[in-house]
Number of protein chains: 2
Amino acid sequence: MAKYVYSFEEGNKSMKELLGGKGANLAEMTSLGIHVPPGFTITTEVCDQYHRNGKTLSPEVIDQISEYLDELQVKMNKTLGNKDDPLLVSVRSGAADSMPGMMDTVLNLGLNDESVQGLANKTVNQRFAWDAYRRFIQMFGHVVMEIDSRLFESVLKKIKEAKGVKYDSGLDKEDLKKVVEKFKQVVHAERGESFPQDPRKQLEMSIKAVFNSWHNERATLYRKLYDIRGLLGTAVNVQSMVFGNTGESSATGVCFTRNPATGENKFYGEFLVNAQGEDVVAGIRTPDPISKLNEIMPDAYQELLAIRKKLENHFRDMQDMEFTIEEGHLFMLQTRNGKRTAESSLRIAVEMVEEGLLTKKEAILRIDPNQLDQLMHKHIDKDAVPKAISIAKGLPASPGAAVGEIVFDAHEADALANDGRKVILVRTETSPEDLIGMNAAQGILTSRGGMTSHAAVVARGMGKCCVAGCGDIRIDEEKETLSAAGLTLKKGDYITLDGSTGNVYEGRLPLQDPELSDNFDRIMEWADEFRTLQIRTNADTPHDAANAIRFGAQGIGLCRTEHMFFEGPRIRAMREMILAGSVEERKKALARLLPYQKEDFKGIFKVMDGLPVTIRLLDPPLHEFLPREEEEISVIAEEMRVTPELIKTKIEELYEQNPMLGHRGCRLGITYPEITEMQARAIFEAAIEITNHGYTVLPEVMIPLVGNINEFIHQKKVVVATANAVMEESGTRINYLIGTMIEVPRGALTADVIAREAEFFSFGTNDLTQMTLGFSRDDAGKFVPAYINLGILDHDPFQVLDRNGVGQLIKIAIDKGRSSRPDIKMGICGEHGGEPSSIEFYHEAGLDYVSCSPFRVPIARVAAAQAALKNQK
Amino acid sequence: MAKYVYSFEEGNKSMKELLGGKGANLAEMTSLGIHVPPGFTITTEVCDQYHRNGKTLSPEVIDQISEYLDELQVKMNKTLGNKDDPLLVSVRSGAADSMPGMMDTVLNLGLNDESVQGLANKTVNQRFAWDAYRRFIQMFGHVVMEIDSRLFESVLKKIKEAKGVKYDSGLDKEDLKKVVEKFKQVVHAERGESFPQDPRKQLEMSIKAVFNSWHNERATLYRKLYDIRGLLGTAVNVQSMVFGNTGESSATGVCFTRNPATGENKFYGEFLVNAQGEDVVAGIRTPDPISKLNEIMPDAYQELLAIRKKLENHFRDMQDMEFTIEEGHLFMLQTRNGKRTAESSLRIAVEMVEEGLLTKKEAILRIDPNQLDQLMHKHIDKDAVPKAISIAKGLPASPGAAVGEIVFDAHEADALANDGRKVILVRTETSPEDLIGMNAAQGILTSRGGMTSHAAVVARGMGKCCVAGCGDIRIDEEKETLSAAGLTLKKGDYITLDGSTGNVYEGRLPLQDPELSDNFDRIMEWADEFRTLQIRTNADTPHDAANAIRFGAQGIGLCRTEHMFFEGPRIRAMREMILAGSVEERKKALARLLPYQKEDFKGIFKVMDGLPVTIRLLDPPLHEFLPREEEEISVIAEEMRVTPELIKTKIEELYEQNPMLGHRGCRLGITYPEITEMQARAIFEAAIEITNHGYTVLPEVMIPLVGNINEFIHQKKVVVATANAVMEESGTRINYLIGTMIEVPRGALTADVIAREAEFFSFGTNDLTQMTLGFSRDDAGKFVPAYINLGILDHDPFQVLDRNGVGQLIKIAIDKGRSSRPDIKMGICGEHGGEPSSIEFYHEAGLDYVSCSPFRVPIARVAAAQAALKNQK
């Protein structure tokens, strides 16, 4: 018979898929001899089976659970529901990948009208027992019986008001008995049945509720956000309860073996005396730092320190642990690899290598390349900080800085962000329901909760700036105002957050690019040792190019010339070029654009001294340069001394049904060769002038949107003739390459022919994805989310390269291209150039380089190293 | 040394590429012993060399010409420019492919102030000699010296007016001398130099002019229209002159071995007594039928009959011949395979097989499949003819019927046609300059010229209805009116032409589908013997389906269901479906559409009894079904009892940047599975009802725009579930297939995976071309013409399949598809399904069938047979 349940003695850390991360690690800790309250795990396979069988548990499963429960009762020498010394258990979710707070938990299970007395007698603490019972009814009622939790809260509130106390702690055992009575009435009124008194029934209902929560909205969203896929479901851990809330010699806490925000190798955590674990995570009371535990309960603290060391050495990674101290006895409730900021991730990796805990290769493979993005995030301009008015200071929960409009509601934050507005989500505390708004916001500000509160944990995971537990501010969610330092800000007002200091500023402060740590440099150095892919950058300005070099770019893979046509007087000349009635007029306008282009190129060539620069000739359809709004048209017409009708006629003439498949790319250069000529002249004049100033210039001229060798030949002729003319005029020779983007499927399919003429290929995976899949990037939002929900697509193909389709074309093009030009240089310059899993594909496919935005260069360096290391194995 | 010149004795008919068609056949006739005026041919290689060398003739070429000219003078015992008995030559173009009238010709070359006397003395005909001289100056002045021909015409006109005569024939030798004098003054005034007197110089200038004419506008347009490519240029034929205009015992004519309009095996042609060849072709005088020659010059006629037989047997094809009779002596000036109407083509092919001249295979290979389109053309409704008022009757120059607005100018005809208007081009006579308008018009009407006039020849080639030489009408091109039978019609008025009878009708007569001849049936029968490709049709209505069956379709390859949603109350339900706020509302609207769909399918299934019917599920983006204009929106809003704003909001919501790559095809069926469900229900309910009436229904359900196997699986599930439900409800089982269109490149690239689920593939080459090339069909007009002009593309890829790109994807998909489902059925249903050269590709690629519009089915049958025969070789 299949095995559906494992005791903690039976499992180990390698069984994550089956037992979930929590179950596997509870088992591992048990076998390490660490005090873990006994219990058992119901496997993820049961979750899968449960959902397949229309939400029913099979008799075999029920039998095995019952068997393990019996065993647990024997081990604990207690029985569920016993009126003298009852066993109480927790029922917790735990999938193979950590999804903190996303699924349901039931604590204190086993209490009923009889066993509450048993608990009271045994603990000699009537108040504790009745408080545990009222907590259980409240939690079970909400989580399992799906009763609105506000109904319970309002009962509690009324009783406190009647008694004139502010906190739960002000209630005595009689009050709590009354609460229990009223709670049971709520359950009966809402569900038409009594609160279940049979503990085995309570257990079965709770197990089902946890399984159901695998498919709840926030768990599904979380899996989508963190790209968690391929899991069977969640396991369920049934564990005997220990209590951190039995009095002043009890406590509960969360701790990390190293600092998850900075990576410092210093024990880090928080705890609350006389509290249950939920109280820490929910952020309702602000906890004490873990070091303070040494003062209150030195023995427990020393034991915890030892466990800290043991677990980190055992798992060879920073651990995130939960513990409870019951009457002075330390119990570990969970350990897992801790989530951490990018900064901390780098520091931990570097220091663990220094400590001899990890090899360099292992350290590189530990880094989540995408997370490095956080480090690239801006911080507040140092010069602006002294003059800025900090209106409050909270916990620096997630580093970085953010500027945005205040919003108090998660859904509103999402809606405004979709409109392109930058918002800061301000909440008293956050809960998993706020996920959507946190994802949409620039930053998060909460008035309650600690460094391990929901807001802090989630924000760090997202790499999003967060200031948590900011008690200086008062939030009125109804009136939608935020008050601090005598100021009242309302919805829509701007604030600036500094997630690294915890400061909150009124208004919009200027943000600045980050400086990178030594750890960053070390990791990058190591990554460079292992990677074989070159990393270039997509940059259109000297500023971006300089940034990219700072991040380690080895050249420019894509310099888009069209962005150069939008500023100031250039757009005017560009428009005159477009409105030109004859080749001569067009040439005149182009002649006015030439010096601008040339200056741009000179700037870029200087910065990229000695590194290759791939310049793509004009690509977008011309209508993108014309005005759209009636008013703008009038202004421009006047400025250009033409009639508005002329401009409108031209706009109409240039209108296209499907501009993505229209008159753009080399099609422009072919119908207007004078544009290509001007651009080539600008490139070569700039290159020669800069060369004459002692720089090394390596231009690579790239013809866009080539699908047919004849297009390439046509444009190559124009470029080569211009280059020759310019070189002859100046008497200076320049080495350059001329190649093409492979972004039209036909270009990939005929790459052998194209490679006879082209000296390099750069895969434009954005367009190649659009055409290979027939997905317009601007319109795919209408169906791609549904496709991902339905499992038709695993990822948005504009974020993660579609290996089977687009990847296949890339491979065809690589093979064909090399067949006719073995030494052809090949790279990729689409959005996918900075996406780690796509980079793995490019490495395997044998490209020479990837090119990505400057801020993604470090990500690409690490991802390329990881790809190389994975392929070594 | 290379050989640049060949005498007629040196060449033969196999040397067309080098000597041009005219030169090769003059040589062939010479060696057959037919009287051909001696001469020589300058090769097409010289033309190529001439253009490459900046329009200069190399010394070697000039030497060889001179040598052959010397030889010709010896042979003729005459010398150019001789003042006693001068040699006169014609200089004519002649490319490998016939391009009648497109390039330049110079006649009577060798005349100057001295030799004109020699000609007069020798012929004892002063008038003839001076007339020849004035013709020469006029022709040379216009063609070679590029002087406006109207300047010469006005001189001639003035002299005729001064003398009070109407025709040239009214002028005597003195008048003509005066004309010559004035003509020479025109030349001097226009060109600042005298008319060249040196015959060798005249010859060299004329040869160059002919070479230049290879690149003139109309020749270039002609080659594009008739897809003539890969030629080096034109050859030049220098031939001693014979004169059909030396008096009443001379004549000139054009004849065909069989009737080019009907194919009847009866000698056919026209001639003019006392005329030069140009007079026949130009249509200035209306010539006599060839049979009349027997009355006037019986000897020449009998000789001509013998030549007719000899040449047809020799070339094994209907010949188009030019001859001149000089003083009773017959000379052949040209023979070539005659252009013919489709009807005639079929009749000649069938009869030549019956006569034992050709095999069936040869006969099939002789047919130009594209030409069959003519036979499919409409004619005037038989019932309407008796009631119609024929206002004039001309020559039935090219069969078919046409209705359109009168237009008198070729460019205006082109412009109006581009606006979607139907026009009839009305001209006194046409010239090659009118080509653009003839191409654009529905039909052509001329008041002058015979069955072999320019208008007639070109119209037949185009398969366009033409009534020529309609002397009953008077055209005032200046006032833009046409008068006949006491009526005056003006520009924009409608007329109807019957090209099969020569009748011209006022107004718009109803046109009717054609009936097909026995010859047609025979050819189709033979084609069916040879072809292996099945031919299906694209038909959305029972009427189209019935038509297609009449033309031999073996099934429906594409039934587009969306066209069914546009009529009457359907569009209302469709719009309600689109505007639906919930799935329930949408289902309600769909339920109203169901009976319409079902009725449509029943009609089609009935007609297609026993033949497969491929039904494509909804494909276009939904916004295509919503109104566009403000006014229409208001009307519909009122009708549907919603606010116009709701409709506008929906339109905005559905707006797409690139709808071609947007929310359409199976993406609709996936996001709105209830649409697929309704369509599947309609198909299967219809199939079952029709089956129960004794018909055999073979539905093939086609999921459009599949690029990913998961899309197909999703839609297949919906269709299969619906089919099962319907079959269970009715108790009747239906055999059906479920397959997909391969029209997204990714679909082709992953065809192996898709074929595991799909039972058939139909290549949607329209979309596949759009995405593989990145060409939007709606927008490609902005650059494709330029691409063709520049030689970047050979053809519009939406007309002729791009074999290297799209074809490669098709081959990949065929191989991959068969690798996982060896018996998968494969066809093609794009526009290319009816295009002969594309059909050849599909045959070679091994498809099972092609599907095309009903009227192209016969073309596809012949093209498929030709493909099979060519591949047998």
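Residues numbered from 1 in each chain as written. Chains lettered and ligands numbered in written order. Predicted model: local features only at pLDDT ≥ 70, side-chain atom pairs only at ≥ 80, totals over all residues. Heavy atoms only, no water.

**Some details on the side chain of Gln-679 of chain A**
No. 1: Residue placement: Gln-679 of chain A occurs in helix H25 (residues 673–692).
No. 2: Those residues within four positions of Gln-679 of chain A in sequence are excluded, and the remaining contacts are Thr-561, Phe-565, Gln-597, Phe-601, Leu-617 and Leu-618 of chain A. (Helix = DSSP H or I, 4+ residues; strand = E, 2+ residues; numbered from the N terminus. Contact = heavy atoms within 4.5 Å.)

**Concerning the sheet that holds strand S20 (residues 474–476) of chain B**
Residues and elements named next belong to chain B.
No. 1: Strand order in this open sheet of three strands is S20-S21-S22, and the pairing throughout is antiparallel. With one partner strand each, in any of the chains shown, S20 and strand S22 (487–490) form the two edges of the open sheet. Each neighbouring strand pair of the sheet contributes to a mean axis angle of 20 degrees, computed without reference to strand direction.
No. 2: Summarising the sheet, strand S21 (residues 481–484) and S22 pair through four bridges and their orientation is antiparallel. Across the sheet, the residue bridging to Ser-483 is Thr-488, located in S22. (Pairing = 2+ DSSP bridges. Axes fitted to C-alpha atoms, helices over the stretch in contact; angles between N-to-C directions.)

**Overview of the state of the cysteines**
No. 1: Counted by the stated rule, this structure contains zero disulfides over all chains.
No. 2: Left without a disulfide partner, Cys-829 of chain B is nearest to the cysteine sulfur of Cys-852 of chain B, which lies 11 Å away. (Disulfide = S-S within 2.5 Å.)

**Details of the packing of aromatic side chains**
Residue and element names in this part refer to chain A.
No. 1: Applying the stated criterion across every chain, the model contains 38 aromatic pairs over all chains.
No. 2: For the ring pair Phe-140 and Phe-195, a centre distance of 5.4 Å and an interplane angle of 75 degrees mean the geometry is edge-to-face. Here the residue Phe-140 occupies a position in helix H5 (residues 126–143), and Phe-195 occupies one in the loop between helix H7 (173–191) and helix H8 (199–213), the gap between them amounting to 55 residues. Accessibility assignment for this pair places Phe-140 and Phe-195 in one class, buried.
No. 3: Between Phe-267 and Tyr-301 the ring centres are 6.2 Å apart and the planes differ by 50 degrees, which places this aromatic pair in the tilted class. With Phe-267 in the loop between strand S8 (251–256) and strand S9 (268–273) and Tyr-301 in helix H12 (residues 298–315), the pair connects residues that are 34 residues apart, well separated along the chain.
No. 4: Phe-267 sits in the buried class, given a relative accessible area of 10%.
No. 5: Members of the aromatic cluster, each reached through a chain of ring pairs, are Phe-136, Phe-140 and Phe-195.
No. 6: Here Lys-3 stacks its cationic end above the ring of Tyr-6, 4.6 Å away from the centre of that ring. (Phe/Tyr/Trp six-rings, centres within 6.5 Å; stacked < 30°, edge-to-face > 60°. Buried < 20%, exposed > 50% of the residue type's maximum accessible area, 1.4 Å probe, protein only. Lys NZ or Arg CZ within 6 Å of the ring centre and 35° of its normal.)

**Let's talk about the relation of the copies chain B and chain A**
No. 1: At an RMSD of 0.2 Å, chain B and chain A line up after a rotation of 180 degrees and a shift of 0.1 Å along the axis. Both copies of the chain, as the preceding transformation shows, are related through a two-fold rotation axis.
No. 2: Residue by residue, 100% of the interface of chain B is reproduced at the interface of chain A, so both copies engage with the same surface. (Least-squares fit on C-alpha atoms with pLDDT ≥ 70 in both.)

**As for the sheet that holds strand S5 (residues 89–94) of chain B**
Residue and element names in this part refer to chain B.
No. 1: Overall, antiparallel pairing links the five strands, which are arranged S1-S2-S7-S5-S6 in an open sheet. Bordering the open sheet on either side are strand S1 (5–7) and strand S6 (105–109), each of which pairs with just one other strand. Ignoring strand direction, the axes of neighbouring strands in this sheet form an average angle of 20 degrees.
No. 2: Pairing between S5 and S6: three bridges, direction antiparallel. When the sheet's bridge partners are listed, Val-91 is paired in S6 with Val-106.
No. 3: Of the strands in this sheet, S1, strand S2 (39–42), S5 and strand S7 (235–240) are in contact with helix H1 (residues 16–31), which crosses S7 at around 25 degrees.

**What to know about the interface of chain B and chain A**
No. 1: Counting from both sides, the interface comprises 48 residues of chain B and, opposite them, 48 residues of chain A.
No. 2: Buried area between chain B and chain A, both sides added, is near 3900 Å², and the carbon and sulfur share of it is 57%.
No. 3: Where chain B touches chain A, the interface holds two salt bridges.
No. 4: For Asp-802 of chain B, the salt bridge is made with Arg-746 of chain A, and the minimal N-O distance between the two is 2.7 Å.
No. 5: At the level of elements, helix H23 (644–654), helix H24 (666–671), helix H26 (709–730), helix H27 (745–749), helix H29 (765–773), helix H30 (784–789) and helix H31 (803–820) of chain B are the ones that each hand at least two residues to the side of chain B that touches chain A.
No. 6: In terms of residue count, the dominant contributor to the side of chain B that touches chain A is H31 of chain B (six residues). (Buried area = accessible area lost by both parts, 1.4 Å probe. Salt bridge = Lys/Arg side-chain N within 4 Å of Asp/Glu carboxyl O.)

**Observations concerning the nonpolar core**
No. 1: Residues Phe-763 of chain A together with Phe-763 of chain B are the most contacted members of the largest nonpolar core, which totals 431 residues.
No. 2: Discounting residues that sit within four places of it in the chain, Phe-763 of chain B has contacts with Ile-742, Leu-768, Ile-810, Ala-813, Ile-814, Met-826, Gly-827, Ile-828, Cys-829, Gly-830 and Leu-847 of chain B. (Core = buried A, V, L, I, M, F, W, Y, C linked by side-chain atoms within 4.5 Å.)

**Details of the pairing of strand S29 (residues 698–703) of chain B**
Residues and elements named next belong to chain B.
No. 1: Among the six residues in S29, five count as buried, and that is most of the element.
No. 2: Bridge count between strand S28 (residues 612–616) and S29: five bridges; the pairing is parallel. Opposite Arg-616, over in S29, you have Met-702 as the bridge partner.
No. 3: The pairing of S29 with strand S30 (residues 737–742) spans four bridges and is parallel. Bridge pairing in S30 places Ile-703 opposite Thr-740.
No. 4: Taken together, S29, H26 and S30 constitute a β-α-β crossover, and its handedness is right-handed. (Right-handed = clockwise from strand over helix to strand, strands pointing away.)

**Some thoughts on the pairing of S28 of chain B**
Residues and elements named next belong to chain B.
No. 1: Burial analysis of S28 places five of its five residues in the buried class, which makes it a mostly covered element.
No. 2: With burial as the criterion, each face of S28 is covered, one bearing Pro-612, Thr-614 and Arg-616 and the other bearing Val-613 and Ile-615.
No. 3: Here strand S27 (residues 556–560) pairs with S28 via three bridges, running parallel. Bridged to Arg-560 within S28 is Arg-616.

**Some words on the environment of Leu-80 of chain A**
No. 1: With respect to the helices, strands and loops of the structure, Leu-80 of chain A is situated in strand S3 (residues 79–80).
No. 2: Other than its neighbours up to four places away in sequence, Leu-80 of chain A contacts Leu-69, Gln-73, Leu-87, Val-89, Leu-109, Gly-110 and Pro-199 of chain A.

**Looking at the confidence of the model for chain A**
No. 1: Summary statistics for chain A give a mean pLDDT of 92 and a share of 99% for residues scoring 70 or more.
No. 2: Across the interfaces of the predicted complex, the ipTM metric reaches 0.79, alongside a pTM of 0.80. (pLDDT = per-residue confidence, 0-100.)

**Topic: the packing of helix H25 (residues 673–692) of chain B against H26 of chain B**
Residues and elements named next belong to chain B.
No. 1: Taken N-terminus to C-terminus, the directions of H25 and H26 make an angle of 40 degrees; their axes are 9 Å apart at the nearest point. As summarised for this structure, H25 and H26 are arranged oblique, according to the angle between their axes. At the point where H25 passes H26, the crossing takes the right-handed sense. Contacts from Pro-673, Thr-676, Glu-677, Ala-680, Arg-681, Phe-684, Glu-685 and Ile-688 in H25 reach His-714, Gln-715, Val-718, Val-719, Thr-722, Ala-723, Ala-725, Val-726, Met-727, Glu-729 and Ser-730 in H26.
No. 2: Here the residues of the contact of H25 with H26 are counted per class, giving 10 nonpolar, five polar and four charged. (Parallel < 35°, antiparallel > 145°, perpendicular 65-115°, else oblique. Left-handed = near helix turned anticlockwise from the far one by under 90°. Nonpolar A, V, L, I, M, F, W, Y, C, P; charged D, E, K, R; others polar.)

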